[in-house]
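Listed here are the chains, written in short residue letters.
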Amino acid sequence: MMNFLIKLLTKGVKPIDGNPEEFLARPWHLGWTQFIVGSVHGLYRARDRKYQILVVHNTVGVNGHFERTLKWFEDSARRDGYGLSFLEISNPVLLKRLGEMGFVGDKKEMLKSF
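The paragraphs below set out a description of the structure included in this document.

### Section: the side chain of Ser-39
Step number 1: Locating Ser-39 in the fold gives a position in the loop between strand 2 (33–37) and strand 3 (40–47).
Step number 2: Ser-39 gets classed as buried once you look at its relative accessible area, which sits at 9%.
Step number 3: One polar contact links Ser-39 to Asn-58, side chain to side chain, over a distance of 2.5 Å.
Step number 4: When residues no more than four places from it in sequence are discounted, the contact partners of Ser-39 are His-57, Asn-58, Thr-59, Val-60, Asn-63 and His-65.

### Re the nonpolar core
Step number 1: Of all hydrophobic cores here, the largest spans 16 residues; its most connected members are Phe-73, Leu-84, Phe-86 and Leu-98.
Step number 2: The set of elements that each furnish at least two residues to this core consists of strand 3, strand 4 (50–58), helix 2 (65–80), strand 5 (83–87) and helix 3 (92–100).
Step number 3: Per-element tally for this core: the top contributor is helix 2, with 4 residues.
Step number 4: Ignoring any residue separated from it by four or fewer positions in sequence, one finds Phe-86 in contact with Ile-53, Val-56, Phe-66, Leu-70, Leu-98, Phe-103, Lys-108, Glu-109 and Met-110.
Step number 5: Counting residues in hydrophobic clusters, the runner-up holds 6 residues, among them Trp-32, Leu-43, Leu-54 and Leu-87.

### Brief notes about the pattern of salt bridges
Here the idea is simple: oppositely charged side chains can pair when their charged atoms come close.
Step number 1: For the structure shown, the criterion picks out 8 salt bridges.
Step number 2: Here Glu-67 ties to Arg-97 by a salt bridge, and the two come within 2.0 Å at their closest N and O atoms. Residue Glu-67 is found in helix 2, and its partner Arg-97 is found in helix 3; the two are separated by 30 residues along the sequence.
Step number 3: Judged by its relative accessible area of 37%, Glu-67 falls in the partly exposed class.
Step number 4: Linking Lys-112 and Glu-74 is a salt bridge whose minimum nitrogen-to-oxygen distance equals 3.1 Å. Pair noted here: Lys-112 is in strand 7 (residues 109–112) and Glu-74 is in helix 2, with a separation of 38 residues, a long-range link. Here Lys-112 matches Glu-74 in class, with each residue buried.
Step number 5: It is possible to trace a salt-bridge network through shared partners that takes in Lys-71, Asp-75 and Arg-78.

So, how was this worked out
- Residues numbered from 1 in each chain as written.
- Predicted model: local features only at pLDDT ≥ 70, side-chain atom pairs only at ≥ 80, totals over all residues.
- Heavy atoms only, no water.
- Helix = DSSP H or I, 4+ residues; strand = E, 2+ residues; numbered from the N terminus.
- Buried < 20%, exposed > 50% of the residue type's maximum accessible area, 1.4 Å probe, protein only.
- Polar contact = N/O pair within 3.5 Å; in protein donor to acceptor, adjacent residues only side chain to side chain.
- Contact = heavy atoms within 4.5 Å.
- Core = buried A, V, L, I, M, F, W, Y, C linked by side-chain atoms within 4.5 Å.
- Salt bridge = Lys/Arg side-chain N within 4 Å of Asp/Glu carboxyl O.

Structure below.
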């Protein structure tokens, strides 16, 4: 439900452009930050010593941009001594993939500590 709401609310927001070599971000609503790395965009915030990703969407699959996005977040989490978490995961493929990448938890929150 949350991902549907975020997609609905972001329809009227002008997208930010980027390439996979850059992590671009801008403030969004209620403490969230919109980000884009190539064809991947989404929302995150820093809270409770974690980078919390609420929604992530890759508009072009199998191009390596999702992995590059995770690298940006993981490098930042290591640098800052934070964890990295995905919140409210409704996609079972993403849930399984995160588990294979070392994240632990359930569909409410998958967390990776550094």
